[in-house]
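Coordinates in review
Chain by chain, the residues:
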Amino acid sequence: MNDPSPPRLTSQEAESLVRSVAQIAGADLPLAAGLRAAAEEAASTRMRRALRHIAGKIENGSSLDQALAACGRRVPAYLSGFLHAAETTGKLGVVLTEWVENQWAARTRWREVVAALAYPFISLALTFLLFLFLTVTVAPVFKKMLTEFQLRLPLPTKVFFWLSDVGMPLGLSGLAVVVLGLVAVRLFGGRRAYSQLMGALPIIGKLWYWSGSAEGLRALGLLVENQIPLPQALTLAADGISDAYTSQSCRELGKRAEAGQPLWEALLRTRYLPMSIIPVIRQGEQQGTLDASLRTAARMLEDRIRNRSALVIQVLPPLIFVLVALLIGMLFTAMYLPMIGLIQGLA
């Protein structure tokens, strides 16, 4: 018996499901029977229902990507897109297995960066909240008291009062404008505009841009290696890439390739992907080894990601902690120096 309605999977559950499909297809097992067997060992009820539902859909004639798409809007569209691309190659198990490995490697790199930066940024956020609390609650009372005693204020105290009166409101207003701008870009510009904006950010922008480009090159290399014509491979890859900007770029490049333009020339004219990979792509097209060239270009970008990630992890946390120390030191001196002067005056 099939479930009357599919479960609404999260993106993580959907990727876990695709990993199960890759393992079953890679072992050359009948897909529907393998999914039902995997359902018996699934850790959660939702995954068990999803595996059984997809097995039933396949037995009733649906394609794998159609069955997964029926599991709800929370399943990323690119997962269904890449399943369709993998089925098109005729080597579902091989293509899916490599794709899952590539996705896992990319996520591992991002997790390392996030894990390394999480504690410093949390410390900075807590310090900022403390600073905000003191400027709102303590600074006005403290300023009034010091004014009544007509004490000469040291520089840290003047800076603290300026931040309380002017700097903090301006900073909060600027932060609100930035947040609203990001929301507006996401709502009105769509996922592509948001992804393009993220790629332009300082420090992590290049990581985002190179990561999306490497994902696209890996997906395209997989399809070209399996004898999918380049225009169709670009279109299929566009549907199976999680980064919206790279996805749209592949779609535009597919139109140019269909019109007869070499990929390297299309990249040169559009500048969608990093320009440094163009010589590698050009050599591959001229020598008939485009699939290997695409993989080489992806490895080049992945090496850059590793190097930039290592630099960010090494440099940014110390800088953040220095900033935290400066803020705490300024708070301490701004509060205690006038008190010392007041005590000396009373003595």
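Residues numbered from 1 in each chain as written. Predicted model: local features only at pLDDT ≥ 70, side-chain atom pairs only at ≥ 80, totals over all residues. Heavy atoms only, no water.

1. Examining the packing of aromatic side chains
Tallied over the full model, the rule gives two aromatic pairs. Ring geometry for Tyr119 and Phe321: centres 5.8 Å apart, planes at 50°, overall tilted. Of this pair, Tyr119 sits in helix α6 (residues 92–149) while Phe321 sits in helix α13 (residues 290–346); the two residues are 202 residues apart in sequence, bridging distant segments of the chain. In this structure Tyr119 comes out as exposed when scored by relative accessible area, which is 57%. Overall, the relative accessible area of 35% leaves Phe321 in the partly exposed class. Note on Tyr245 and Tyr272: the rings are 6.5 Å apart at their centroids and 85° apart in plane angle, and the pair reads as edge-to-face. A residue pair is termed long-range when its members are at least 10 positions apart, and Tyr245 in helix α10 (residues 244–258) and Tyr272 in the loop between α11 (263–270) and α12 (278–287) qualify at 27 residues. (Phe/Tyr/Trp six-rings, centres within 6.5 Å; stacked < 30°, edge-to-face > 60°. Helix = DSSP H or I, 4+ residues; strand = E, 2+ residues; numbered from the N terminus. Buried < 20%, exposed > 50% of the residue type's maximum accessible area, 1.4 Å probe, protein only.)

2. A closer look at the nonpolar core
Proteins that are soluble and globular tend to have nonpolar side chains buried together. One finds Leu17, Leu96, Leu263 and Ile281 to be the most contacted residues of the largest nonpolar core, which totals 70 residues. If one sorts the elements of this core by residue count, helix α8 (residues 205–225) sits on top with 10 residues. Ignoring any residue separated from it by four or fewer positions in sequence, one finds Leu17 in contact with Leu9, Met47, Ala50, Leu51, Ile54 and Leu68. The next biggest cluster of nonpolar side chains, apart from the first, holds 13 residues, and it includes Phe131, Leu146, Leu163 and Leu331. (Core = buried A, V, L, I, M, F, W, Y, C linked by side-chain atoms within 4.5 Å. Contact = heavy atoms within 4.5 Å.)

3. Regarding the packing of helix α5 (residues 77–89) against helix α9 (residues 230–239)
Angle between the axes and distance between the axes are the two parameters that describe a pair of packed helices. Orientation of α5 relative to α9, taken along the N-to-C sense of each, is 145°, at an axis distance of 7 Å. Residue-level inspection shows Ala77, Tyr78, Gly81, Phe82, His84, Ala85 and Thr88 of α5 in contact with α9, the latter providing Gln232, Leu236 and Asp239. Counted by class, the contact of α5 with α9 contains five nonpolar, four polar and one charged residues. (Axes fitted to C-alpha atoms, helices over the stretch in contact; angles between N-to-C directions. Nonpolar A, V, L, I, M, F, W, Y, C, P; charged D, E, K, R; others polar.)

4. What to know about the environment of Arg218
By the element assignment, Arg218 lies in helix α8. Taking the C-alpha atoms as reference, Arg218 lies 25 Å from Leu31; in sequence the two are 187 residues apart. Look past the residues within four positions of Arg218 in its chain and what remains in contact with it is Asn102, Arg295, Ala298, Arg299 and Glu302.

5. Details of the pattern of salt bridges
Across all of its chains, the model carries nine salt bridges by this definition. A salt bridge links Glu40 to Arg52; the shortest N-O distance between them is 3.2 Å. One end of the pair, Glu40, is in helix α2 (residues 31–40); the other, Arg52, is in helix α3 (residues 45–59), and 12 residues separate them in sequence. The class for Glu40 is exposed, based on a relative accessible area of 56%. Across the salt bridge formed by Arg295 and Glu98, the nearest N and O atoms sit 2.4 Å from each other. (Salt bridge = Lys/Arg side-chain N within 4 Å of Asp/Glu carboxyl O.)

6. Brief notes about a nonpolar patch on the surface
A cluster of nonpolar side chains, namely Ile122, Leu126, Phe128, Leu129, Leu172, Leu175, Val179, Val183, Leu187 and Phe188, defines an oily patch on the protein surface of about 990 Å² accessible area. Secondary-structure elements contributing two or more residues to the nonpolar patch are α6 and α7 (155–199). Among the elements that make up the nonpolar patch, the one with the highest residue count is α7 (six residues). Tracing the backbone shows Phe128 in helix α6. (Patch = residues over 30% accessible without salt bridge, like charges linked within 9 Å, V, L, I, M, F, W, Y side chains within 5 Å. Areas by Shrake-Rupley, 256 points an atom, 1.4 Å probe, with all protein chains shown as cover.)

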